[in-house]
Amino acid sequence: MAGFVLFAGTAAAEKHYEVQSGDNVYRIAQNYQVDVNAVIAANPTILDPAHIQPGQILNIPDETGTPFTVTAYTAGPESTGKEPGDPAYGITASGEVVKEEHTIACPQSLPFGTKIHIPELDETYVCEDRGSAITNGHLDIYKEDLDDALEFGVQELQAKVWTY
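The sections below set out a description of the structure shown in this document.

Notes on the environment of valine 70
Looking at the element boundaries, valine 70 is found in strand S3 (residues 66-73). Given a relative accessible area of 0%, valine 70 falls into the buried group. For the pair formed by valine 70 and alanine 50, sequence separation is 20 residues and the distance between their alpha carbons is 26 Å. When sequence neighbours within four positions are dropped, the list of residues in contact with valine 70 reads Ile118, Leu139, Ile141, Phe152, Gly153, Val154, Gln155 and Leu157.

Rendered as structure tokens:
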């Protein structure tokens, strides 16, 4: 699944933490009382959660969430390579049927079923899909209409991650 690039906005400031020698993602998340998966998902620089480096700067989600690059996709061939009539057309990686204003593709660091609230859109989505371009720091909202997905473009939006 791929998002579409048209424009970018700005997001509110977030907390930052500089990794110290001996730190690990789990301990950092505990210290800030946030979900470890939310910390991982909010940081595109975390390629392997077991290997963070001293001096690395991490985004720490707070009550307003953390900024994500948010794009939009459709069930069609332009996003998925699948055509109507394909048995997997409109089916997410979790096996659910895509639904507008509900389905979101999330990085693998977030389990299926994770709720993602995006205040600026006044919507809460459910992580039900994946995509090869969806890495930490990136979310992809399902849209039924290609024109709507293209119009959505690329936005930097605050997102609150609820994994529990």
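Moving on from the coordinates now.
Describing the pairing of strand S8 (residues 155-162)
Pairing analysis gives five bridges linking S3 to S8, with the strands arranged antiparallel. Looking at the pairing, threonine 66 lines up with alanine 159 of S8. Two elements, strand S5 (residues 115-118) and S8, share three bridges in a ladder whose sense is antiparallel. Paired with lysine 115 across the two strands is tryptophan 162, which belongs to S8.

Digging into unusual backbone geometry
The backbone of glutamate 101 sits at a positive phi, close to 60 degrees, despite the residue not being glycine. One can find glutamate 101 in the loop between helix H3 (77-80) and strand S4 (103-105). Positive phi is not limited to glycine here, since aspartate 122 has a value of about 55 degrees.

Points about the environment of glycine 137
By secondary structure assignment, the location of glycine 137 is in the loop between strand S6 (123-129) and strand S7 (138-142). Between the alpha carbons of glycine 137 and asparagine 43 there is a distance of 5.3 Å; along the sequence they are 94 residues apart. When residues no more than four places from it in sequence are discounted, the contact partners of glycine 137 are Ala41, Ala42, Asn43, Pro44, Phe68 and Thr69.

Some remarks on the packing of aromatic side chains
Going through the model one piece at a time under the given rule, you end up with two aromatic pairs. Ring centres of tyrosine 17 and tyrosine 32 lie 6.0 Å apart, and the angle between their planes is 70 degrees; this geometry places the pair in the edge-to-face category. With a gap of 15 residues between them, tyrosine 17 in strand S1 (residues 15-18) and tyrosine 32 in helix H1 (residues 25-32) connect regions that are remote in the sequence. Judged by relative accessible area, tyrosine 32 falls into the partly exposed class, the value being 31%. Pairing tyrosine 73 with tyrosine 142 gives two aromatic rings, centres 5.7 Å apart and planes at 65 degrees, and the pair type is edge-to-face. Taken together, the residues span a long stretch of sequence, with tyrosine 73 in strand S3 and tyrosine 142 in strand S7 at a distance of 69 residues. A relative accessible area of 0% means that tyrosine 73 is categorised as buried. With relative accessibility at 7%, the residue tyrosine 142 sits in the buried group. The residue whose ring lies beneath arginine 130 is phenylalanine 112, and the NZ or CZ to ring-centre distance is 4.2 Å.

Conventions adopted
- Residues numbered from 1 in each chain as written.
- Predicted model: local features only at pLDDT ≥ 70, side-chain atom pairs only at ≥ 80, totals over all residues.
- Heavy atoms only, no water.
- Helix = DSSP H or I, 4+ residues; strand = E, 2+ residues; numbered from the N terminus.
- Buried < 20%, exposed > 50% of the residue type's maximum accessible area, 1.4 Å probe, protein only.
- Contact = heavy atoms within 4.5 Å.
- Pairing = 2+ DSSP bridges.
- Phe/Tyr/Trp six-rings, centres within 6.5 Å; stacked < 30°, edge-to-face > 60°.
- Lys NZ or Arg CZ within 6 Å of the ring centre and 35° of its normal.

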